[in-house]
Amino acid sequence: MTAVADVRESDLQEYFDATIAHDRRIEPRDWMPEAYRKTLVRQIAQHAHSEIIGMQPEGDWLLAAPSLRRKAILLAKVQDEAGHGMYLYAAAETLGADRADLTDKLIERKQKYSSIFNYPTLTYADVGVIGWLVDGAAICNQVPLCRSSYGPYARAMIRVCKEESFHQRQGFELLMTMMRGTEGQQAMVQDAVDRWWWPSLMMFGPPDDDSPNSAQSMAWGIKRHSNDELRQRYVDMTVPQAAVLGVQLPDPELALDESTRRYRFGPIDWSEFKQVVSGHGPCNDERITRRRAARDDNAWVLEAATAYAAKHSA
Ligand code: BYC
């Protein structure tokens, strides 16, 4: 009996390995190793939490947007982020995770969200810089995830990336407008770039030799490129954009390497990254407190919707 079960398990593993080796998709109905499932739940949940927590820094400016047009644009962007969070929680549910449980784990700080959302948005230029740099980094990281080996995650990424690319362009357009404005507006943009540049490089995760999950996630085809590869791609993409905008990136070591045609950049402060990821960044407490209040204050909506659905299905 045990031998038969073992054979079946090994057949399943073989089929899974062959699917990955042939670069085909794993779907929710397919057998998968428990560690693969766990890694996906970890990454997808962290990704979903980032979208939901990521609504806060920009959401802070909804009531203070400088015009009706800017308010409408920002409102649409923040709503898109809620949508991204929902697709991603739905993808995690196909792996057997429970959405409410994932939210509880976020609030209890048992699961992470992107380090970038623990920095404050001090001026309206921050809204533009989040669009340009943060969504720009997100696109670099997420376009390869459209080819991730897990079907529901990869498919969710296709729509998310289309919307992120729109967000990136609206951010750039806002900054272009400010850079054509007064000296005060130009200084606001430069100040925001100075504050967000290094944290945006940290979004790609720790360096490859300090990234415990990368090797296995790449072998499984969940991640397609290493953290450092994507960070380099982002720098190469962003430096020419900074020149078009007319802003300085705050790195005296940033220079084009003529032999590789890639940009060299200065050392990243990984101690700051560790501080932020371990819960001690400038806004970690504020972000979690707000998420907790949203869960608790709105619990009645969930209760009412559940009761309504139950009544209609009865
Ligand atoms: N922040 O072994 P590693 C957006 C953690 S939202 C916090 O390299 P992995 C947007 C990592 O989880 C888009 N934690 O891990 C929204 C791991 O910890 P655990 C957000 C980080 O998973 C609103 C440990 O460090 N994007 O675009 O192989 C407005 C070791 O790292 C970070 C995603 O979520 C970080 N930056 O690679 C605007 C993308 N980096 O879990 C925009 C999906 C690492 O072992 N995620 N950690 O305790 C990924 O691509 C990968 O998970 C990562 C990390 C590249 C981030």
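These lines cover the structure that appears in this document, whether it is placed above or below. Going along each chain's sequence as written, the residues are numbered from 1 onward. Totals for whole chains, interfaces and linings use every residue, but because this is a predicted model, local features are given only for residues with pLDDT of at least 70 and side-chain atom pairs only at 80 or more, for both listing and counting. To obtain the side-chain values, all non-hydrogen atoms of the structure were included, while hydrogens and water were left out.

Here's the deal with the overall build of the protein chain
(1) Moving on: By the criteria applied, helices consist of DSSP H or I runs no shorter than four residues and strands consist of E runs no shorter than two, each listed in order from the N terminus. When you go through the protein chain residue by residue, the secondary structure sums to 13 helices and two strands.
(2) Moving on: For the radius of gyration, the atoms used are the C-alpha atoms, and the globule rule reads 2.2 Å times the number of residues raised to 0.38. For 314 residues, the compact-globule formula gives about 20 Å, and the C-alpha radius of gyration of the protein chain, at 21 Å, lands near that figure.
(3) Moving on: Projected onto its principal axes, the C-alpha positions of the protein chain cover 80 × 60 × 30 Å.
(4) Moving on: Classification of residues uses two cut-offs on accessible area relative to the type maximum, computed with a 1.4 Å probe and protein chains only: under 20% is buried, over 50% is exposed, and between them is partly exposed. A total of 314 residues make up the protein chain; the buried ones form 47% of that total.
(5) Moving on: Contacts spanning at least 24 positions in sequence make up 78% of the contacts within the protein chain whose residues lie at least 6 apart.
(6) Moving on: Carbon and sulfur atoms make up 57% of the accessible area of the protein chain, which totals about 15900 Å².
(7) Moving on: When charges are counted, Lys and Arg contribute as positive and Asp and Glu as negative, whereas His and the chain ends are disregarded. In this description, the location of a charge corresponds to atom NZ of lysine, CZ of arginine, CG of aspartate or CD of glutamate. Averaging the coordinates of the 37 positive side-chain charges in the protein chain and doing the same for the 44 negative ones gives two points 4 Å apart. In this analysis, two residues are considered to be in contact whenever any of their non-hydrogen atoms come within 4.5 Å of each other. Every accessible area reported is derived by Shrake-Rupley at a probe size of 1.4 Å, with residue values counting cover from the shown protein chains alone.

Some words on the pattern of salt bridges
Side-chain pairs of opposite charge can arise whenever the charged atoms involved come near each other.
(1) Moving on: Between Lys or Arg on one side and Asp or Glu on the other, a salt bridge is scored when a side-chain nitrogen of the former is within 4 Å of a carboxyl oxygen of the latter. In this structure the tally under the stated criterion is 25 salt bridges.
(2) Moving on: Notably, a salt bridge pairs Arg-155 with Glu-27, separated by 2.8 Å at the nearest N-O pair. You can see Arg-155 sitting in helix α7 (residues 151-179) and its partner Glu-27 sitting in the loop between α1 (2-21) and α2 (34-53), a full 128 residues away along the chain.
(3) Moving on: Across the pair Asp-257 and Arg-264 runs a salt bridge, and its minimum N-O distance is 3.4 Å.

Thoughts on the site of the ligand
(1) Moving on: When at least one non-hydrogen atom of a residue lies within 4 Å of a molecule or strand, that residue is treated as near it. Neighbouring residues of the ligand: 35 residues in total, closest Gln-46, Lys-112, Ser-211, Lys-223 and Asn-227.
(2) Moving on: Nitrogen and oxygen atoms within 3.5 Å of one another constitute a polar contact, given that in protein one can donate a hydrogen and the other can accept it, and given that sequence-neighbouring residues count only through two side-chain atoms. Measuring from an oxygen atom of the ligand, one finds a side-chain N or O atom of Ser-211 at 2.7 Å.
(3) Moving on: In this structure, Asn-213 approaches the ligand through a main-chain N or O atom, which is 2.9 Å from an oxygen atom.
(4) Moving on: Isolated, the ligand exposes 1000 Å² of accessible area, and the fraction of that covered by the protein chains is 91%.
(5) Moving on: Counting residues per element, the ones that place at least two in the shell around the ligand are α2, α4 (68-93), α6 (124-142), α7 and α11 (270-280).
(6) Moving on: Sort the elements by how many residues they give to the shell around the ligand and α2 lands first, with six residues.
(7) Moving on: Under the grouping applied here, Gly and all other residues not named as nonpolar or charged are polar, the nonpolar ones being Ala, Val, Leu, Ile, Met, Phe, Trp, Tyr, Cys and Pro and the charged ones Asp, Glu, Lys and Arg. Across the shell around the ligand, the residue classes tally to twelve nonpolar, 14 polar and nine charged.

Describing the packing of α6 against helix α10 (residues 227-245)
(1) Moving on: As a packed pair, α6 and α10 sit with axes 10 Å apart at the nearest point and diverge in direction by 145 degrees. Our pair here, α6 against α10, has a crossing hand that is right-handed. Mapping the contact onto sequence places Trp-132, Leu-133, Gly-136, Ala-137, Cys-140 and Asn-141 in α6 and Leu-230, Arg-233, Tyr-234, Met-237, Thr-238, Gln-241, Ala-242 and Leu-245 in α10.
(2) Moving on: The residue inventory of the contact of α6 with α10, partitioned by class, reads nine nonpolar, four polar and one charged. Only the contacting stretch of a helix is used when fitting its axis, a line to C-alpha atoms as for every element, and angles between N-to-C directions run 0 to 180 degrees. By definition, turning the near helix anticlockwise from the far helix through less than a right angle yields a left-handed crossing, and turning it clockwise yields a right-handed one.

Remarks on unusual backbone geometry
The general pattern is negative phi for most residues beyond glycine and trans for most peptide bonds.
(1) Moving on: The phi dihedral of Asp-23 is positive, around 60 degrees, even though this residue is not glycine.
(2) Moving on: For Arg-261, which is not glycine, the phi dihedral falls at a positive 60 degrees.
(3) Moving on: Using a relative accessible area of 54% as the deciding quantity, one classes Arg-261 as exposed.

Considering the state of the cysteines
(1) Moving on: Whenever a pair of cysteine sulfur atoms sits within 2.5 Å, that pair is classed as a disulfide. Per the counting criterion, the structure on display carries zero disulfides.
(2) Moving on: Cys-161 supplies the cysteine sulfur nearest to Cys-146, a cysteine that is in no disulfide, at a spacing of 3.9 Å.
(3) Moving on: Cys-146 sits in the buried class, given a relative accessible area of 16%.

Some words on α10
(1) Moving on: Given a helix with a known number of residues, its expected span is that number minus one, times 1.5 Å. Over its 19 residues, α10 runs 27 Å from end to end, which matches the ideal 27 Å to within 8%, given 1.5 Å per residue.
(2) Moving on: When α10 is considered as a whole, its buried residues turn out to be Asn-227, Leu-230, Arg-231, Gln-232, Tyr-234, Val-235, Asp-236, Thr-238, Val-239, Ala-242 and Leu-245.
(3) Moving on: Where α10 is buried, its residues meet α6, α7, α8 (183-202), α9 (214-219), β2 (262-264) and α11.
(4) Moving on: At the C-terminal side of α10, Gly-246 shows a positive phi close to 85 degrees.

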